[in-house]
Each structure stands twice: as structure tokens, then as C-alpha cells.
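# Observations on the model geometry
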Amino acid sequence: MRLPLLALLAKEPAHGYELKQALEVTFGSAYPSPNIGQIYVTLGRLEKDGFVRAVDVEQSNRPNKKVYYLTAAGREALEAWVDEPTEGPRVRDEFFMKLVLAPLTGIADRMALVNRQRRHYLSLMRDLDELAERTDPGNRVARLLIEGAMLHLQADLDWLERCQEDLT
Amino acid sequence: MTTTPVIKAVGLVKIYQTGGLPVPAVRGVDLVVEPGEFVAIMGPSGSGKSTFVHMLGGLETRTSGEIWLDGKRADTLSESGWAVLRRQKVGFVFQFFNLVANMTVADNVELPALLGGATPRHARERREYLLAELGLEERAGAAPGQLSGGEQQRVALARALANHPRLLLADEPTGNLDSRNTRDVLKLLGKVHRQGQTIVLVTHDARVASMADRVVSLLDGQIVDDAPIARLQRRPAGTAGDIVELHG
Ligand SMILES: Nc1ncnc2c1ncn2[C@@H]1O[C@H](COP(=O)(O)OP(=O)(O)OP(=O)(O)O)[C@@H](O)[C@H]1O
Ligand SMILES: [Mg+2]
């Protein structure tokens with residue numbers, strides 16, 4: 001969450017709630033709506049690291065509002081993040097752990113595990129499809145995010161098939 | 001009250017005999033499909049999916065076992081008996097679309113309806129509707145050879161649905177399609193399914209399979225799983241979020 005917040009603040013100073021809304025509007029309903037508490041905790045850490053600073057803005061008959069802005073160090077951290085290549089997804093699959101280890105203990109049978117997991121992936125896919133239906137076609141970012149999730153799920157399913165062929 | 005299943009297969013076996021070596025492609029499959037059900041068949045390459053659905057459509061003879069279509073014993077029919085039954089009851093989409101090369105797209109789609117006894121006007125209206133649903137109205141006058149693989153596959157689906165078949169059998173109907181064309185096919189499948197169309201469809205595509213009521217998995221010619229695709233617990237609207245996780 002740190003770098004996305006820095007990126008949003010590079011555009012313009014904002015308070016916590018505005019950052020939450022900006023994330024929601026940009027990524028749409030496919031993205032887990034960030035928890036406001038988590039945003040404030042992250043902002044607090046960024047402030048401690050010197051990447052952002054906060055100014056109190058007075059509000060009539062309400063407590064002061066903290067508006068955050070990016071520091072020079074924050075901009076450097078953001079540029080470094082943008083410049084560095086991003087790791088590809090690694091397979092760190094909890095299901096695969098189950099599949100390999102559970103049968104050793106006699107708790108579960110691999111065929112049953114694979115079959116259940118396949119149906120679970122298909123339920124997830126159905127959910128993504130429904131989400132895509134509900135998503136504003138004009139929100140390209142949200143659409144691409146959902147499409148990415150679908151392609152990953154397809155790859156998971158193909159891999160599951162390989163596991164079934166080789167391990168059962 | 002019991003309904004007659006659209007498909008009942010009992011102990012279905014197919015052994016290909018090639019150059020002396022028997023290849024068991026389907027090894028004892030039982031399947032019942034009720035009216036209006038949408039069943040997806042999945043499984044690795046070579047697991048017998050195409051062989052199985054070809055047998056269900058009478059396009060491949062069985063080695064042993066029974067096939068009942070709409071309450072009628074079908075596996076004992078002669079080739080011409082099968083052809084009649086198929087024309088009346090089954091729409092088939094092949095893995096490698098089989099369109100008639102020297103007929104236009106429009107004629108390809110209308111033919112099964114005409115053979116099934118529809119009036120020319122009904123056949124034309126149905127054809128116009130189906131081609132429009134699949135974004136192909138502009139290609140009606142073309143010959144199949146002038147279309148891309150994906151377009152031919154969509155024409156094949158329109159043809160299979162032309163006659164309002166009791167059963168739609170489809171073998172990888174989106175195998176040649178990009179994601180936009182896949183979406184058109186999915187929409188049409190969803191629509192006819194909601195109208196009560198019984199569908200048995202072979203696919204590797206998770207989006208296609210996820211529309212089914214039930215998934216049947218084949219491995220080495222046998223069914224290893226046959227169960228409904230559960231609905232996930234509905235999240236409150238607007239918080240569909242946790243499907244996608246971004247890190248950073
Ligand atoms: N006409 C044939 N003659 C001999 N063997 C065949 C014939 N058709 C299929 N087979 C064999 O039967 C087995 C099942 O083939 P089938 O085409 O049904 O698999 P499939 O599950 O549809 O695979 P794919 O996902 O690649 O389409 C394979 O081993 C295949 O080589
Ligand atoms: Mg096949």
C-alpha cells in the first residue's frame with residue numbers, strides 16, 4: 001500500500017479519506033476496498049520515514065484535518081519503485097502444499113483434492129464474470145484488473161490439470 | 001414426478017482399433033443429463049472428451065454400452081436412423097467446425113432448420129437472429145472459406161442452434177476465439193441456457209465452464225468427478241473486492 005499512496009500524493013496533496021476514494025475510483029470494485037485505518041497507519045509510517053509530511057488544515061466546527069504531501073525523499077522512493085523491474089508472479093501455492101503433503105499423512109486423497117479445487121476455481125471464475133458484468137465498461141483499469149485475474153485463474157486451472165495427470 | 005433425461009449413457013466404452021493396437025479412449029462412462037441442464041466436460045488432452053461427445057451425437061460408434069436420447073434408445077440405431085434422430089434432436093459444434101464449403105454462411109445456418117421442417121421464413125428469421133447475436137450479420141453472404149477460424153466457429157454454433165435442438169453438443173466451441181469473440185459466444189450460450197436449452201459442452205476455457213451447472217472431469221477415459229459448481233457465498237454488493245489482490 002505504501003507506494004500506491006506515494007503515487008497518489010505525487011499527483012496532489014490529499015487527506016486519508018481522499019486517498020481511499022481515489023483508490024476505489026481508479027481500480028473499481030475488483031480491488032479490495034482499502035480500510036481507512038490501514039491507510040492512516042501507512043501514512044503514519046511514511047511520515048516517520050520522511051516520505052510524506054502532514055499539515056493540519058483547520059475546519060469550522062470539526063476537528064482539524066491532516067493533509068499529506070510528498071517530500072523530496074518520497075518522490076525519490078517513488079521514482080526508484082517505478083524504475084525497478086517488477087517481479088513476476090511466483091508460484092507459492094497453498095493448494096499445491098496441501099496436494100503434495102496431505103496424502104502423505106493419509107488425511108486426504110489427491111484426486112478428491114484436485115476435483116474440489118477445480119470446482120472452486122470455476123466458482124471464482126463465475127464470480128469474476130459477474131463482477132465484469134457489473135463493472136462500468138468505461139473503467140478500463142478495473143476491466144483489465146478483472147481480465148488479469150481471469151487469465152491467472154485459467155493458468156491455475158491448467159496447472160491443476162497437470163497436477164492431476166502427474167500426481168494422481 | 002420424473003422427467004425423461006435428455007441423455008442417459010450407461011457403461012459407455014470406445015476402443016479404437018488402429019493397426020492392431022487397441023486404444024481404449026472411453027472406458028465405462030455413465031452420465032445422465034436432465035432437461036435444461038448445462039454440463040461442462042473437462043479433462044486433459046487425450047482423455048476422451050471428443051470421443052465421448054461424438055458417441056453421444058452418434059458421430060462415432062460405441063464399442064459397448066447404451067445411449068438413450070430423450071428417452072429413446074439410440075446406440076442400436078442404424079447410421080441412417082441416427083442421422084434422422086440427430087437432425088430432429090441434436091445440434092453439434094465440432095472442435096474443427098465442419099461447414100459446407102460451397103454454401104454461404106446464411107445457407108449453412110438455415111440448412112438444419114429447413115431439414116428439420118421449418119418454413120423458409122422461420123429458418124431465415126432464426127438465422128438472422130443467431131448471426132446478429134454472434135456479430136456476424138455482415139458475413140451472411142460470404143463462403144466459409146472467406147472467414148477467419150473464429151468466425152467459422154461462431155457460424156458453426158449458429159448452425160447448431162438453428163433448429164432449436166433438444167440437445168446442444170459442443171466440442172471446444174471457443175477453442176479458436178479471442179476474448180471478445182468468446183464473450184459473444186458465452187452470452188449466446190447463457191441466453192439459450194436460460195431459455196431452457198440443454199447443453200453438453202467440452203471445454204478447456206474456465207470462463208465457458210464456469211457458466212455450466214455441473215462439471216464432469218474425464219481422465220484416461222473415465223469420469224473422475226461429476227458435481228455441481230457451487231455458488232460462492234454472496235458478498236454484500238459493492239464489496240466484491242477480495243477477488244483481486246494487488247501487491248505493492
Ligand atoms: N480415430 C481415432 N483412431 C484411433 N485413436 C483415436 C482416434 N480418435 C481419438 N483417438 C485416441 O483416443 C484418445 C482420446 O481422444 P479424444 O480425441 O477423445 O481426446 P480429447 O479429450 O478430445 O483430447 P483434446 O483435448 O486434445 O481434444 C486419444 O488417445 C486419441 O489418440
Ligand atoms: Mg477433443
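Please refer to the structure placed before this passage.
Attention in this report is confined to the structure presented alongside it. Quantities reported herein were computed from a predicted structural model and do not represent experimental measurements.

For the rest of this paragraph, the subject is the sheet that holds strand 7 (residues 167-171) of chain B. All names here are of chain B. Overall, mixed pairing links the 6 strands, which are arranged 6-7-8-3-9-10 in an open sheet. Both outer strands of the open sheet, strand 6 (90-93) and strand 10 (222-228), are each paired with one neighbouring strand and no more. The average angle at which neighbouring strand axes cross in this sheet is 15°, direction not considered. Examined bridge by bridge, strand 3 (residues 38-42) and strand 8 (residues 198-202) share 4 bridges and lie parallel to one another. Of the residues in strand 8, the one forming a bridge with A40 is L201. Relative to the sheet, helix 1 (residues 49-56) contacts strand 3, strand 6, strand 7, strand 8 and strand 9 (214-219), its axis offset from that of strand 7 by approximately 155°.

Charged atoms that come close allow side chains of opposite charge to pair. Counted according to the given criterion, the structure contains 19 salt bridges over all chains. In this structure, D75(B) engages R62(B) in a salt bridge whose closest nitrogen and oxygen atoms are separated by 3.0 Å. Placement of the pair is D75(B) in the loop between strand 5 (72-73) and helix 2 (79-89) and R62(B) in the loop between helix 1 and strand 4 (64-69), with a sequence separation of 13 residues. On the basis of relative accessibility, which here comes to 8%, the residue D75(B) falls in the buried class. Given the relative accessible area of 28%, R62(B) is considered partly exposed. Among the ionic contacts, a cluster of salt bridges with common partners joins R162(A), E165(A) and D166(A).

Another aspect to go through is a nonpolar patch on the surface. Residues and elements named next belong to chain A. A grouping of Y17, I36 and Y40 is seen on the molecular surface, where their side chains present a nonpolar patch of about 270 Å² in accessible area. Residue placement: Y17 occurs in helix 2 (residues 16-27). Classification of Y17 as partly exposed rests on a relative accessible area of 42%.

All names here are of chain B. Inspection of the region around ligand 1 gives 13 residues, with S45, G46, K49, S50 and T51 positioned closest. Contact distances for ligand 1 include 3.0 Å between an oxygen atom and a backbone N or O atom of G48. Within the side chain of K49, an N or O atom sits 2.7 Å from an oxygen atom of ligand 1. When ligand 1 is considered free in solution it has 640 Å² of accessible area, and contact with the protein chains removes 64% of it. When residues of the shell around ligand 1 are traced back to their parent elements, those giving at least two are strand 1 (7-18) and helix 1. In terms of residues, the shell around ligand 1 owes the most to one element, helix 1, which gives 3 residues. Here the shell around ligand 1 is built from residues that sort into 3 nonpolar, 9 polar and 1 charged.

Here we take up the packing of aromatic side chains. Residue and element names in this part refer to chain B. Under the counting rule described, the total for this entry stands at 2 aromatic pairs over all chains. With centroids separated by 4.6 Å and ring planes inclined at 45°, the aromatic side chains of F92 and F94 adopt a geometry described as tilted. As far as the burial class goes, F92 and F94 line up, both buried. The ring of W68 is capped by K8, whose NZ or CZ atom sits 5.3 Å from the centre of that ring.

Here we take up the interface of chain B and chain A. Each partner contributes residues to the interface: chain B has 31 residues there, and chain A has 35 residues. The tally of links between chain B and chain A comes to 3 salt bridges. The partner of R231(B) in a salt bridge is E130(A), and the shortest N-O contact between them spans 3.2 Å. Our count for the chain B to chain A interface comes out at 12 residue pairs in polar contact (both at pLDDT 80 or more).

This part takes up the packing of helix 6 (residues 110-134) of chain A against helix 7 (residues 140-167) of chain A. Packed helices, taken two at a time, are described by their axes: the angle between them and the distance between them. All names here are of chain A. The N-to-C vectors of helix 6 and helix 7 enclose an angle of 165°; their axes lie 10 Å apart at closest approach. Of the possible angle classes, the one that applies to helix 6 and helix 7 is roughly antiparallel. Regarding helix 6 and helix 7, the two cross each other, and that crossing is left-handed. A per-class count over the contact of helix 6 with helix 7 returns 16 nonpolar, 4 polar and 4 charged.

What counts and what doesn't
Residues numbered from 1 in each chain as written. Chains lettered and ligands numbered in written order. Predicted model: local features only at pLDDT ≥ 70, side-chain atom pairs only at ≥ 80, totals over all residues. Heavy atoms only, no water. Pairing = 2+ DSSP bridges. Helix = DSSP H or I, 4+ residues; strand = E, 2+ residues; numbered from the N terminus. Axes fitted to C-alpha atoms, helices over the stretch in contact; angles between N-to-C directions. Contact = heavy atoms within 4.5 Å. Salt bridge = Lys/Arg side-chain N within 4 Å of Asp/Glu carboxyl O. Buried < 20%, exposed > 50% of the residue type's maximum accessible area, 1.4 Å probe, protein only. Patch = residues over 30% accessible without salt bridge, like charges linked within 9 Å, V, L, I, M, F, W, Y side chains within 5 Å. Areas by Shrake-Rupley, 256 points an atom, 1.4 Å probe, with all protein chains shown as cover. Near = heavy atom within 4 Å. Polar contact = N/O pair within 3.5 Å; in protein donor to acceptor, adjacent residues only side chain to side chain. Nonpolar A, V, L, I, M, F, W, Y, C, P; charged D, E, K, R; others polar. Phe/Tyr/Trp six-rings, centres within 6.5 Å; stacked < 30°, edge-to-face > 60°. Lys NZ or Arg CZ within 6 Å of the ring centre and 35° of its normal. Parallel < 35°, antiparallel > 145°, perpendicular 65-115°, else oblique. Left-handed = near helix turned anticlockwise from the far one by under 90°.

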